[in-house]
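Descriptive analysis of the structure
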Amino acid sequence: MSVQVSTENGEGREQPAAWGAVFAMSLCVFALIASEFMPVSLLTPIASKLAITEGQAGQAISVSGAFAVLTSLFISSIAGRLDRKLLLLSLTGLMIVSGTIVAVAPNYEIFMAGRAFIGVVIGGFWSMSAATAMRLVPEAQVPRALAILNGGNALATVIAAPLGSLLGGLIGWRGAFFCVVPIAVIVFVWQLLSLPSMRVERRPASGNVFKLLKRPVVALGMAAVSLFFMGQFALFTYLRPFLETVTHVDVPTLSLLLLMMGVTGFVGTLLIGFLMKDGLYRILSTIPLLMAMIAVLLIGFGGSVTLVALMLGLWGLFATSAPVGWWTWLSRTLPDEAEAGGGLLVAVVQLAITAGAVTGGLLFDAYGYQATFGASAALLLAAAALTVVTSRMARLGAG
């Protein structure tokens, strides 16, 4: 089933731009990403208090990712004709419930149930993000709206882990998790006041999300997305051991480098909306090409802190802005099926991140960082090439 969302007065995209709602969703993204990755800096106290191993505590991220994939694939068909404003508010309410459950969980099982709920919110929210942005602002402003949404993502990526560590030391890991709850309450009220009603009208359907892959331009684009995120996370996941053993940085310098990557990434999300006006596919193919070059340069010049800092700053600039481009691609390629396409994109990205991290880890353990970074470069080059093919297919009207 595909859906067409309109406002209460039936004017659809002709409504005035609802920038307040866009910023409310950006704050929601911030809270979501902070919730998703906060366990990274709190594994030791979580394991200690719940009497589990750190490996078991680390599964808090895995379970949220698994439920995000499942939700992203099926939420559009399950939600049916439900007003999307009500659906977004329900997901935000579930985020409040999740944060509360995790903060008060008396045992591991309840803790993991709370983490599963946040996975549902992540999958549902991101699946509808492009479709919602398309209905909140005029078509020409969709890339800007998506950049604002991803700005919340970039900001949370910068501060989630260090903030979690700080709060965990001050008020304990339960207090750190609960700090997300009041932010989610603010988001709920803000969305309640700013989101227009977004009713759903039943239209001829394409079936389930997987049938979208029968369109060559969609299948090629999703394959390019998969290769891009595999390449990105094959390298990014193992930056810390590389920086500690090859570049020989201390912990404060390591934190500064990671912070710098987050800051440049935030800047990238603000800039890419303007750059895409001159050619979406050109940007989508250039970014992985430049990142592949950086991966190769890191192998050759990994011993220089100055050069590594410069290259990682550029990596953050490109890597964090790329999702804005791919969400824009989705909104233009599947304007009438953006919800189903968004669900498929979320699932592809989540699985690609996992595959990239696993592949990178195996290579890192067996052959060292050179093999991992080399594989990252190869995957990114393949992503660039496949994006060019996707562009040509789109021009031929094969989608």
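Anything mentioned here points back to the structure above.
Residues numbered from 1 in each chain as written. Predicted model: local features only at pLDDT ≥ 70, side-chain atom pairs only at ≥ 80, totals over all residues. Heavy atoms only, no water.

**Considerations on helix H12 (residues 305-333)**
To be explicit about the condition: By definition, any uninterrupted DSSP run of H or I lasting at least four residues is a helix, any uninterrupted run of E lasting at least two residues is a strand, and each is numbered from the N terminus. For a helix, the expected span equals 1.5 Å multiplied by the residue count minus one. Across the chain, bend at a residue is computed as the angle between axes fitted to the seven residues ending at that point and the seven starting from it.
The terminal C-alpha atoms of H12 lie 42 Å apart, and with 29 residues this matches the ideal 42 Å at 1.5 Å per residue to within 8%. Bending of H12 peaks at approximately 30 degrees at the position of Ala322, with proline Pro323 no more than four residues after it.

**Description of the packing of aromatic side chains**
Any pair of aromatic rings gets described here by the distance separating the centres and the angle formed by the planes. Basically, it comes down to this: The aromatic pairing rule takes the rings of Phe, Tyr and Trp, using the six-membered ring of Trp, and pairs them if the centres are within 6.5 Å, calling planes under 30 degrees apart stacked, those over 60 edge-to-face and the rest tilted. For every residue, the accessible area (1.4 Å probe, protein chains only) is compared with the maximum for its type, and the residue is labelled buried under 20%, exposed over 50%, or partly exposed between those bounds. Comment: the charge-over-ring label is applied if NZ (Lys) or CZ (Arg) is within 6 Å of the ring centre and within 35 degrees of the ring normal.
One pass over the full model with this rule turns up 12 aromatic pairs. Summarising the aromatic geometry, the rings of Phe242 and Tyr369 are spaced 5.2 Å apart at their centres and angled 55 degrees between planes, so their arrangement reads as tilted. Of the two residues, Phe242 sits in helix H9 (residues 239-247) while Tyr369 sits in helix H14 (residues 369-395), which places them 127 residues apart along the sequence. Judged by centre distance (5.8 Å) and plane angle (75 degrees), the ring pair of Tyr369 and Phe373 falls under edge-to-face. Highlighted residues: Tyr369 and Phe373, both in helix H14, separated by four residues, approximately one helical turn. Among the residues examined, Phe373 registers a relative accessible area of 0% and is labelled buried. Put simply, the rings of Phe111, Trp173 and Phe177 pair up and form one aromatic cluster. The ring of Trp19 has Arg144 sitting right over it, with the charged end atom 4.5 Å from the ring centre.

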